[in-house]
Amino acid sequence: MQILAWGSTYYLPAVLAEPIARDTGWPLAWIVGGLSVGLLVAALASPRVGAVIQARGGRPVLALAALVLAAGLTILGLAPSLPVFLAGWVLLGFGMGCGLYDPAYATLGRLYGANARSAITHLTLLGGFASTVCWPLSAFLAAQVGWRGACFAYAGLHLAVTLPLVLAFIPPAPGTAATARSGVQAAPSLEPGQRRAVLLMMGVLVLGGAIMALVSVHLITLLQARGVALAAAVTYGGLIGPSQVAARLIEIAGRGRYHPLWTLTAAFTLVGLGLSLLAAHWSDIALALILYGAGNGVYSIARGTVPLALFGPDHYAGLVGRLARPGLVAQAAAPPLGAVLFSRLGADGLWAALALMALANLGLIAGLWWQKGRLRSG
């Protein structure tokens, strides 16, 4: 489900934006901006989605995601005008809020409680193949049936593959009958120490989401500004995916023997080192991007496992929904803000800003370590 959900939403414009612009004449910036619209809608929906999963389990939410994603993709494929196209992204955004990593993590937390870390790690490993699978699939579909046909094909896959997988293999969460009868409850109040830890984690997710979105959108342009040829820049960018998978395999090999905060610390140490090397004009671009990719890979795991370890499983699903909102807003806002910074400060200025953001995140993570000790002593 995660491969198809990511591949038909987050990774869709990377392949289809140019064919859409060529076919319709719509501005490319608005076509790509559809993803930002979707991310903002997902951000608005995430707290409520987390609360529903906390009360009723993830099975109905993930099933709804499959239906909504199919509907949104159908609207994209039928869109006669840009406003209708963007309306399709509004629907896709709601599907993303119900079906990407955060609701999947929340679902696993409801099913497995404190033992969900291994499941989250394995899910992230396999979900990391979304671009590997869906970028070539999207290109093949666009070549064979056009971009509209590609949207219809993904809609059909959600109905024929994603929805049956959810209904057949995701069980109802334990204890959902009583909570469903009582309805979706408001999030429980947190103690002052827990609130500080939540705010620190939100800050990590905001900076982390902004960094990943900026690099994903602007990497090729930033490398070309350094004099790297387009073909070489694409090759360098291709190192990130395998590095992510390799780092996640190392995390799996650790079998959860250490606290997830170590994973988060390692993630932004690697991200910060890679971006700092690029900001300093390090000659070995490949090594810098491998370090960045490895950090990005384990960051995806830490996003789901750190809240579970710090706050426990009892209210995990609802908390994940609340934590997701600011990070999604940052992912939506970062690419256009990055374009403004690039135009005013140049490539060097944007690389330096990225490195400083990663270092600032290490400071927030240090605060989480300090707060972890206080939570335990309390």
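In this text, all values refer to a predicted model and were calculated from it rather than measured experimentally.

Caption draft 1: Seen up close, the overall build of the chain. A tally of helices and strands in the chain yields 15 helices and 0 strands. The principal-axis extent of the C-alpha atoms belonging to the chain is close to 55 × 45 × 35 Å. Across the 378 residues in the chain, those meeting the buried criterion constitute 54%. Of the side chains in the chain, 21 bear a positive and 8 a negative charge, and the two mean positions are spaced by 11 Å.

Caption draft 2: Representation of the pattern of salt bridges in the model. In this structure the tally under the stated criterion is 3 salt bridges. Close ionic contact of Glu251 with Arg117 constitutes a salt bridge, the shortest N to O distance being 3.2 Å. Of this pair, Glu251 sits in helix α12 (residues 240-253) while Arg117 is found in helix α7 (residues 117-127), placing the two residues 134 residues apart along the sequence. When sorted by exposure, Glu251 lands in the same class as Arg117, which is buried. Between Asp348 and Arg226 there is a salt bridge whose closest N-O contact spans 3.2 Å. Separated by 122 residues along the polypeptide, Asp348 in helix α15 (residues 316-377) and Arg226 in the loop between α10 (192-225) and α11 (230-237) bring together distant segments of the chain. Take Arg226: its relative accessible area is 25%, and that puts it in the partly exposed class.

Caption draft 3: Region of interest: the packing of aromatic side chains. Counted under the stated rule, the structure contains 11 aromatic pairs. Centroid distance Tyr101 to Tyr105: 5.4 Å. Interplanar angle 5°. Geometry classified as stacked. With Tyr101 and Tyr105 both in helix α6 (residues 101-112) and 4 residues apart, this pair spans about one turn of that helix. Cation over ring: Arg117 sits above Tyr258, and NZ or CZ is 5.4 Å from the ring centre.

Caption draft 4: Quick look at the layout of surface pockets. Put simply, the second largest pocket is a space of about 450 Å³. Lining of the second largest pocket is provided by 18 residues; of these, Met1, Gln2, Leu108, Leu123 and Ile170 occupy positions nearest its centre. The set of elements that each furnish at least two residues to the lining of the second largest pocket consists of α1 (2-7), α6, α7 and α8 (130-169). Examining the composition of the lining of the second largest pocket, we find that 5 residues originate from one element, α6, more than from any other.

Caption draft 5: Examining unusual backbone geometry more closely. One non-glycine residue, His281, adopts positive backbone phi at about 60°. With respect to the element layout, His281 can be found in the loop between α13 (260-279) and α14 (285-311). The class of His281 is partly exposed, set by a relative accessible area of 45%.

Caption draft 6: Inspection of the side chain of Glu251 at higher detail. Owing to a relative accessible area of 5%, Glu251 belongs among the buried residues under this scheme. Leaving out residues up to four positions away in the same chain, Glu251 has contacts with Arg117, Thr121, Tyr258, Thr263, Val298 and Ile301.

Caption draft 7: Looking closely at a nonpolar patch on the surface. Judged by side-chain polarity, Leu126, Phe129 and Val133 come together as a nonpolar surface patch covering roughly 250 Å² of accessible area. For Leu126, a relative accessible area of 51% corresponds to the exposed category.

Cut-offs applied
Residues numbered from 1 in each chain as written. Predicted model: local features only at pLDDT ≥ 70, side-chain atom pairs only at ≥ 80, totals over all residues. Heavy atoms only, no water. Helix = DSSP H or I, 4+ residues; strand = E, 2+ residues; numbered from the N terminus. Buried < 20%, exposed > 50% of the residue type's maximum accessible area, 1.4 Å probe, protein only. Lys, Arg positive; Asp, Glu negative; His and termini not counted. Charge placed at Lys NZ, Arg CZ, Asp CG, Glu CD. Salt bridge = Lys/Arg side-chain N within 4 Å of Asp/Glu carboxyl O. Phe/Tyr/Trp six-rings, centres within 6.5 Å; stacked < 30°, edge-to-face > 60°. Lys NZ or Arg CZ within 6 Å of the ring centre and 35° of its normal. 1 Å grid on protein atoms, 1.4 Å probe; cavity = no way out; pocket = protein on both sides within 12 Å on 5 of 7 lines; lining within 4 Å. Points joined across faces, edges and corners; volume = space filled by probe spheres on them. Contact = heavy atoms within 4.5 Å. Patch = residues over 30% accessible without salt bridge, like charges linked within 9 Å, V, L, I, M, F, W, Y side chains within 5 Å. Areas by Shrake-Rupley, 256 points an atom, 1.4 Å probe, with all protein chains shown as cover.

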